[in-house]
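Spelled out from the first residue to the last, the chains are:
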Amino acid sequence: MTAEDGHDGAQYLAGSPVRVAILRALREEPRRPAELTDAVDATRTTVQRILGGFRERNWVVKRDADYRVTPTGVRVHDAYEALLTEVERGERYGRFAETVERVGVDFPPEGIPDSDLTVASDQNPLAVVDRLTDLLRESRGAEIRAVSPVVLQQFNDAAAAALDGGADVELIIDRDVADASVAEFGPATDRALYDDDATVYVSAEPIEYGLVRCGDVACVAAYDERNNPRCVLESTDETVVDWVDEAFASLRDEATPLSAVVERV
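This structure is a prediction, so every number in the text was calculated from the model and none was measured.

The rules behind these values
Residues numbered from 1 in each chain as written. Predicted model: local features only at pLDDT ≥ 70, side-chain atom pairs only at ≥ 80, totals over all residues. Heavy atoms only, no water. Helix = DSSP H or I, 4+ residues; strand = E, 2+ residues; numbered from the N terminus. Expected span 1.5 Å × (residues − 1). Buried < 20%, exposed > 50% of the residue type's maximum accessible area, 1.4 Å probe, protein only. Contact = heavy atoms within 4.5 Å. Pairing = 2+ DSSP bridges. Axes fitted to C-alpha atoms, helices over the stretch in contact; angles between N-to-C directions. Phe/Tyr/Trp six-rings, centres within 6.5 Å; stacked < 30°, edge-to-face > 60°. Lys NZ or Arg CZ within 6 Å of the ring centre and 35° of its normal. Polar contact = N/O pair within 3.5 Å; in protein donor to acceptor, adjacent residues only side chain to side chain.

## Quick look at helix H7 (residues 153-164)
And step 1. For H7, spanning 12 residues, the distance from its first C-alpha to its last is 16 Å, which sits close to the expected 16 Å at 1.5 Å a residue.
And step 2. Of all the residues in H7, the buried ones are Phe155, Ala158, Ala161, Ala162 and Leu163.
And step 3. Those residues of H7 hidden inside the fold are in contact with helix H6 (127-137), strand S4 (143-147), strand S5 (168-174), helix H9 (186-194), strand S6 (198-203) and strand S8 (217-223).
And step 4. Residue Gly166 follows H7 closely and has a positive phi angle near 100 degrees.

And the structure:
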């Protein structure tokens with residue numbers, strides 16, 4: 001059997017939703033053609049034709065009056081269902097994956113399946129901002145580690161609320177965000193400089209994505225070319241948490257304390 005044979009078989013199965021439905025129904029339990037006709041809402045002629053195609057490929061056998069899935073048919077069914085799951089997941093997480101790859105973020109793909117995703121939309125353009133703000137506000141008394149490519153009043157207010165609640169905050173921003181903070185958000189900048197529980201670092205390189213680590217939760221935020229937050233992946237999975245911790249530490253090692261930068265502004 002060649003790779004081309006495998007492609008033909010996959011193409012045959014994927015070429016008709018009825019074929020997939022029949023294989024799925026037989027995977028659940030043996031059935032007669034009449035039962036399959038009712039189960040998949042297809043004509044008897046269509047069902048018989050598809051069963052013939054399955055038998056040619058050794059995916060099903062007929063025993064007495066019932067059709068049954070062979071071990072090969074079970075594997076084909078399960079592999080196809082797994083493929084559908086990955087394709088559906090790819091559609092949901094596609095914007096996040098495209099954005100982080102575009103800016104050179106080496107996010108581990110194995111971290112995606114067990115992660116939640118919040119996506120901004122035309123109907124709710126602030127969905128990501130709201131989720132990150134809620135997460136910061138809920139982190140009273142926690143250690144917060146964050147990286148942000150933007151400065152927003154909502155984030156400043158949420159960070160202040162977290163600090164008031166006893167949180168310890170470390171934040172990494174880039175020079176453009178530092179300049180904007182000094183120019184437009186004086187009180188927040190002063191608190192970042194003088195609050196013992198707040199430490200801000202400035203990266204010499206532009207930052208194009210966001211990170212948040214609050215307690216057991218780790219987040220990666222993807223931004224578009226205009227620095228609008230488009231989606232945030234949120235997880236307690238060890239793979240994601242470890243990756244966020246390592247990414248934050250790497251950026252912090254190359255950054256400069258805000259106090260040293262402000263003195264030169």
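From this point, the narrative continues.
## Describing the sheet that holds S5
And step 1. Across the sheet, which stays open at both edges, the eight strands sit in the order S3-S9-S8-S7-S4-S5-S6-S10 with mixed pairing between neighbours. Strands with a single pairing partner mark the edges of an open sheet, and in this sheet they are strand S3 (116-119) and strand S10 (256-257).
And step 2. Of the strands in this sheet, S3, S4, strand S7 (209-214), S8 and strand S9 (229-235) touch H6, which is tilted by about 40 degrees from S9.

## Considerations on the packing of aromatic side chains
And step 1. Within this structure, the stated rule accounts for five aromatic pairs.
And step 2. Geometrically, the ring pair formed by Phe107 and Trp243 is edge-to-face, given 5.4 Å between the ring centres and 75 degrees between the ring planes. Placement of Phe107 in the loop between helix H5 (71-102) and S3 and of Trp243 in helix H10 (residues 238-253) is noted, with a sequence separation of 136 residues between them.
And step 3. Taken together, the ring pairs connect Tyr12, Phe54 and Trp59 into an aromatic cluster.
And step 4. We note Arg57 situated over the ring of Tyr12; from NZ or CZ to the ring centre the distance is 3.7 Å.
And step 5. Across from the ring centre of Tyr93, 5.8 Å away, lies the NZ or CZ of Arg92, which sits over that ring.

## As for the environment of Arg32
And step 1. Mapped onto the secondary structure, Arg32 falls in the loop between helix H2 (17-28) and helix H3 (33-40).
And step 2. Spatially, the C-alpha atom of Arg32 lies 4.7 Å from that of Asp66, the residues being 34 residues apart in sequence.
And step 3. Those residues in contact with Arg32 that lie beyond four places of it in its chain are Ala65 and Asp66.

## A few points about the side chain of Ser148
And step 1. Here Ser148 shows up in the loop between S4 and H7.
And step 2. A polar contact of 2.7 Å, which involves the side chain of Ser148, links it to the backbone oxygen of Val150.
And step 3. Filtering out sequence-adjacent residues up to four positions away, Ser148 remains in contact with Phe155, Leu171, Ile172, Ile173, Asp174, Val177, Ile207 and Tyr223.

## Quick notes on the environment of Leu126
And step 1. Relative to the helices and strands, Leu126 is located in the loop between S3 and H6.
And step 2. Along the sequence, Leu126 and Cys231 sit 105 residues apart, while their C-alpha atoms lie 9.9 Å from each other.

## Looking at the pairing of S7
And step 1. In terms of burial, S7 is a largely internal element, six of the six residues being buried.
And step 2. Side chains Tyr209, Leu211 and Arg213 project from S7 onto one buried face, and the interleaved Gly210, Val212 and Cys214 project onto a second face that is buried too.
And step 3. As defined by bridge partners, S4 adjoins S7 across four bridges and the pair is classed as antiparallel. Across the sheet, the residue bridging to Val147 is Leu211, located in S7.
And step 4. Two strands pair when backbone bridges link them, and S7 and S8 are joined in this way by six bridges, in the antiparallel orientation. Its bridge partner lying in S8, Arg213 is registered against Ala218.
And step 5. Taken together, S7 and the strand that follows it, S8, pair antiparallel across an intervening segment of two residues, in which Gly215 is found at a positive phi of about 60 degrees.

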